[in-house]
Amino acid sequence: MSDLKTALGEAVAAAFAAEGVPADLARVTPSDRPDLADFQSNGALAAAKRVGKNPREIATAVAERLKGDPRLSSVEIAGPGFINLKVADAALSDRANAVAADPRAGAETMAVPRRVIVDYGGPNVAKEMHVGHLRASIIGESLKRIYRFRGDEVIGDAHFGDWGFQMGLLIAAVCDTHPAIAELVEDLNARGEVTEADKGRLAVLATLGLDDLGALYPPAAERAKGDVEFRNRARRLTAELQSKKAGYYALWERFRDVTREALIRDFHALGVDFDWWKGESDVEDLIGPMVADLDAKALLVDDQGARIVRVDRNGETRPKKLADGTVVEAPWPDPLLVVSSEGSAMYGTTDLATILDRRRAFDFDLVIYCVDQRQADHFEIVFRAAYLAGYADEGQLIHVGFGTMNGTDGKPFKTRAGGVLKLNDLIEMTREKARERLHEQSLGEDVSADEFEEIASKVAVAALKFADLQNFRGTSYIFDLDRFSSFEGKTGPYLLYQVVRVKSLLRRAAGEAARPGPVIVGESAERDLVLALDAFDAALADAYDKKAPNILAEHTYRVAQAWSKFWAACPILQAEPAVCASRLTLATATLRQLELALDLLGIATPDRM
Ligand code: ARG
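Definitions and limits used
Note on numbering: residues in each chain are counted from 1, in written sequence order. At least 70 in pLDDT is required for a residue's local features to be given in this predicted model, at least 80 for side-chain atom pairs to be given and counted, and no such filter applies to totals for whole chains, interfaces and linings, which use all residues. Values reported for side chains reflect all heavy atoms of the structure, with hydrogen atoms and water molecules removed beforehand. Nearness here has a simple test: a residue counts as near a molecule or strand if at least one of its heavy atoms is within 4 Å of that partner. What qualifies as a polar contact is a pair of N or O atoms within 3.5 Å, subject to a donor-acceptor requirement within protein and to the restriction that residues adjacent in sequence count only when both atoms come from side chains. To measure how exposed things are, a 1.4 Å probe is used in the Shrake-Rupley method; for residues, cover is taken only from the protein chains shown. Residues are said to line a cavity or pocket when one of their atoms sits within 4 Å of a point; the points come from a 1 Å grid over protein atoms alone, cavities being sets where a 1.4 Å probe fits but cannot get out and pockets being open sets with protein on both sides within 12 Å along at least five of seven lines. Grid points are joined across faces, edges and corners, and a volume is the space filled by probe spheres set on the points. We count a stretch as a helix when DSSP gives it H or I for four or more residues in a row; a strand needs E for two or more, and each element gets its number in order from the N terminus. Each residue receives one of three labels: charged for Asp, Glu, Lys and Arg, nonpolar for Ala, Val, Leu, Ile, Met, Phe, Trp, Tyr, Cys and Pro, and polar for the others, Gly being one of them. DSSP-based pairing: two strands are paired if at least 2 bridges between them are found. In this analysis, axes come from line fits to C-alpha atoms, helices being fitted only over the stretch in contact, and the angle between any two N-to-C directions falls in the range 0 to 180 degrees. Any two residues having at least one pair of non-hydrogen atoms within 4.5 Å are treated as being in contact. Whether two aromatic rings pair depends on their centres lying within 6.5 Å, for rings of Phe, Tyr and Trp, where Trp uses its six-membered ring; planes under 30 degrees apart make the pair stacked, over 60 edge-to-face, and the rest tilted. Only protein chains enter the calculation, and the probe is 1.4 Å; a residue is then buried if its accessible area is under 20% of its type maximum, exposed if over 50%, and partly exposed in between. For this analysis, a nonpolar core means a set of buried residues of the types Ala, Val, Leu, Ile, Met, Phe, Trp, Tyr and Cys, connected via side-chain atoms within 4.5 Å. Any Lys or Arg side-chain nitrogen located within 4 Å of an Asp or Glu carboxyl oxygen qualifies as a salt bridge. Should the near helix be turned counterclockwise from the far one by less than a right angle, the crossing is left-handed, whereas a clockwise turn marks it as right-handed. Disulfide: a pair of cysteine sulfur atoms within 2.5 Å of each other.

Let us now look at the site of the ligand. D119, G122, N124, H133, H159, Y347, D351, Y369, V371, Q375 and F379 make up every residue found near the ligand. Between a nitrogen atom of the ligand and a side-chain N or O atom of N124, the distance comes to 2.7 Å. For the ligand, the accessible surface in isolation is 350 Å², of which the surrounding protein chains cover 86%.

Our focus in this paragraph is the layout of surface pockets. Put simply, the second largest pocket is a space of about 850 Å³. Along the wall of the second largest pocket there are 23 residues; nearest its centre are P30, L531, A532, A535 and R558. Contributions of two or more residues to the lining of the second largest pocket are made by α18 (524-534), α19 (536-546) and α20 (549-569). No other element matches α20, which puts 7 residues into the lining of the second largest pocket. Here the lining of the second largest pocket is built from residues that sort into 11 nonpolar, 3 polar and 9 charged.

Moving on to the sheet that holds strand β13 (residues 397-400). Strand order in this open sheet of 4 strands is β6-β5-β12-β13, and the pairing throughout is parallel. Each edge of the open sheet is held by one strand with a lone partner, namely β6 (153-157) and β13. Averaged over neighbouring strand pairs, the angle between their axes works out to 20° when direction is ignored. Of the pairings in the sheet, the one linking strand β5 (residues 115-119) to β6 comprises 5 bridges and is parallel in character. When the sheet's bridge partners are listed, R115 is paired in β6 with E153. Across the face of the sheet, helix α12 (residues 347-361) comes into contact with β5, β6, β12 (366-370) and β13 while running at roughly 140° to β12. Its contacts with the sheet put helix α13 (residues 376-389) on β12 and β13, and the angle it makes with β13 is roughly 175°.

The pairing of strand β9 (residues 317-321) with strand β10 (residues 327-331) spans 5 bridges and is antiparallel. Paired with R318 across the two strands is A330, which belongs to β10. What sits between the antiparallel neighbours β9 and β10 is a turn of 5 residues, in which G325 has the positive phi angle 95°.

This part is about the packing of aromatic side chains. Any pair of aromatic rings gets described here by the distance separating the centres and the angle formed by the planes. The full count for this structure, using the stated rule, is 21 aromatic pairs. Their ring planes at 40° and their centres at 6.5 Å tell us that F149 and F536 sit as a pair that is tilted. Here F149, found in helix α5 (residues 132-149), pairs with F536, found in helix α19; they are 387 residues apart in sequence, far enough to count as distant. As far as burial versus exposure is concerned, F149 and F536 are alike and both buried.

With that settled, the discussion passes to the sheet that holds strand β2 (residues 39-41). Spatial strand order, β1-β2-β4-β3: 4 strands in an open sheet with antiparallel pairing. Bordering the open sheet on either side are β1 (28-30) and β3 (72-78), each of which pairs with just one other strand. With direction set aside, neighbouring strand axes in the sheet form an average angle of 25°. In the sheet, β3 pairs with strand β4 (residues 82-87) via 6 bridges, with the strands oriented antiparallel. From the neighbouring strand, S74 faces β4, where its bridge partner is K86.

Let us now look at the nonpolar core. Ranked by size, the top nonpolar core spans 170 residues in total, and within it L66, L251 and F255 carry the most contacts. In this view, F255 contacts V125, M167, L170, I171, V174, L208 and L213; residues no more than four positions away in its chain are not counted.

Overall, the coordinates contain 58 salt bridges when judged by the stated rule. One salt bridge in this structure joins K225 and E222, with 3.4 Å as the shortest N-O distance. Of this pair, K225 and E222 both sit in helix α8 (residues 210-226), 3 residues apart, which is roughly one turn of the helix. Using a relative accessible area of 62% as the deciding quantity, one classes K225 as exposed. Accessibility expressed as a relative area gives 49% for E222, which makes it partly exposed. For the salt bridge of R608 with E451, the shortest nitrogen-to-oxygen distance reads 2.8 Å. With R608 in the segment after α21 (577-600) and E451 in helix α15 (residues 449-469), the pair connects residues that are 157 residues apart, well separated along the chain. When salt bridges that share partners are traced, they join E428, R431, E432, R435 and E453 into one network.

Under the criterion given, the structure shown has 1 cavity of 30 Å³ or more. Of the voids in this model, the largest cavity is the one considered here, and its volume is about 40 Å³. Lining the largest cavity are R135, I139, D468, L469, N471, F472, R473, A548, P549 and N550. Residue assignment for the lining of the largest cavity shows that the elements contributing at least two residues are α5, α15 and α20. A breakdown of the residues in the lining of the largest cavity according to their chemical character gives 5 nonpolar, 2 polar and 3 charged.

The next subject is the packing of helix α10 (residues 246-269) against helix α14 (residues 423-440). Between α10 and α14, the shortest axis-to-axis distance is 10 Å and the interhelical angle comes to 30°. For the pair α10 and α14, the crossing hand works out as left-handed. Contacts from R265, D266 and A269 in α10 reach L423, N424, I427 and R431 in α14. Classifying every residue of the contact of α10 with α14 gives 3 nonpolar, 1 polar and 3 charged.

This part is about the side chain of T585. As for its placement among the helices and strands, T585 is situated in helix α21. With residues near it in sequence (within four places) discarded, T585 still touches N97, A100, P516, G517 and V519.

Moving on: the pairing of β4. Note on strand geometry: in a regular strand, side chains alternate between the two faces of the sheet. In the sheet, β2 pairs with β4 via 3 bridges, with the strands oriented antiparallel. Following the sheet pairing, F39 is matched in β4 by L85. Linking β3 to β4, which pair antiparallel, is a turn of 3 residues; within it G79 sits at a positive phi near 50°.

Attention shifts here to the state of the cysteines. Per the counting criterion, the structure on display carries 0 disulfides. With no disulfide of its own, C580 has C570 as its nearest cysteine by sulfur position, at a separation of 12 Å. C580 gets classed as buried once you look at its relative accessible area, which sits at 7%.

If you want it as structure tokens, here you go:
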């Protein structure tokens, strides 16, 4: 059963058609004036323009036709020709019963499912995740779930950054500071293989922790900026690693494993999980054949010792700001650098080869790259190269960018000391705040210490995720832990609190053997709750189309608010049996939809607080 908005849209379209005006203009939307109507159609205005008639006349004729519809309790014309529709209580009751009976709480599935890959998270070797990875993880996880829930076949892939220049930098830095490791690496390189007899010696690599790597990397990256010799050495090492030189490869395996462990811990703490934990390095054997293929297609061009693919389309330009502030039209986009002059594969090379790998492993219809907006140019270049080479069809690759998470000073979020905050520390900080908030509200007092911790973790994740997802991804937002962790206002904890209220009501009802029964809508708070529930499918479809989980976040908040008002206005267990039964059904439907919607945002709910 479709939602009321769709059903009424069809009725209004039929009335338009019967009046001989274009039915495609008969759009029905939730009313701007909920005090006057539930839905409205402004179509008569556009239709009037198109057929050269008076809009009020069209609206009046359409309204006359709609008046017989039993689903409507009133049809009125307002202003220059708006049609205001009020839904009959019986129709609302029917819809509520349908939503309550539906395991999907009123959400439809796509008629034609697609095969979709969501590339998100994007963690890198040797670095713990920092707040910059937060948005990629949160938004990507939600998109993956929304797409899957709508019926698509979806794979989430972490696309671990483990094969670029950073690896060469790190190898150089480790060998310079760890003589025993350097010696082992050289020896393995010289012998060209790792044998059973080497197993014992490899133990020295295990002394290398993520903290060591994390400390070595930034100064090495800094040094490479000014020190040409060091930079060239790191480039050479990158190329040698990529050709799988035994010693470098063994060292790199340690980098990869030690990082992956920490990353998985952070991702799990956030409720983020991947179907594929593939990395840049996984396409290593595809790069050679791919380069040959690009060459055979005459797409590769030599450029000062490097090999590139030009992706600009006849002399495109874009305004570019120069150092002195003047703006000039500059050629755009840059070519894709496929093979560096040292012979190594670049970030874009592995991205291009990954498209081939994904095509082979999972014949996708769509790949969504959920990555910082600042990488937009990179993706434009890679996508164009992929289309040129025939590795994907135009439009199958989409970059879904996002803005930054800023501190209360409006600048990218930093620690008090001015450093970049590790994700793990942010999660712990938020958890601590959640504990504090729970105590403040005298919540979680009757549960075991373990359960309290679990509740605090859920409150923390809800705070972090909802703070992010309530904004359109393209805009940057200010991270204000005090505000986001509050149980009041538009926050994750508020939503969890409402869910827990429904759960405890239903537990009490079960204890009193009160049973749900058919919904009979009467009170205005009941009407509003049903109308809020009815909007789920439209919100999901819109979030899906626009790749914008904030639309679903907004819907979830509205349902929670409508529930909260209903709870305040309508006695439930004290009401007479039929009314109590009806309201228990409404509560059950609300709970199911809230839990589904929150799950699609990546937020898990506790059973009590
Ligand atoms: N590891 C990259 C970074 O930290 C993000 C990876 C995004 N995905 C991709 N297919 N390039 O910048």
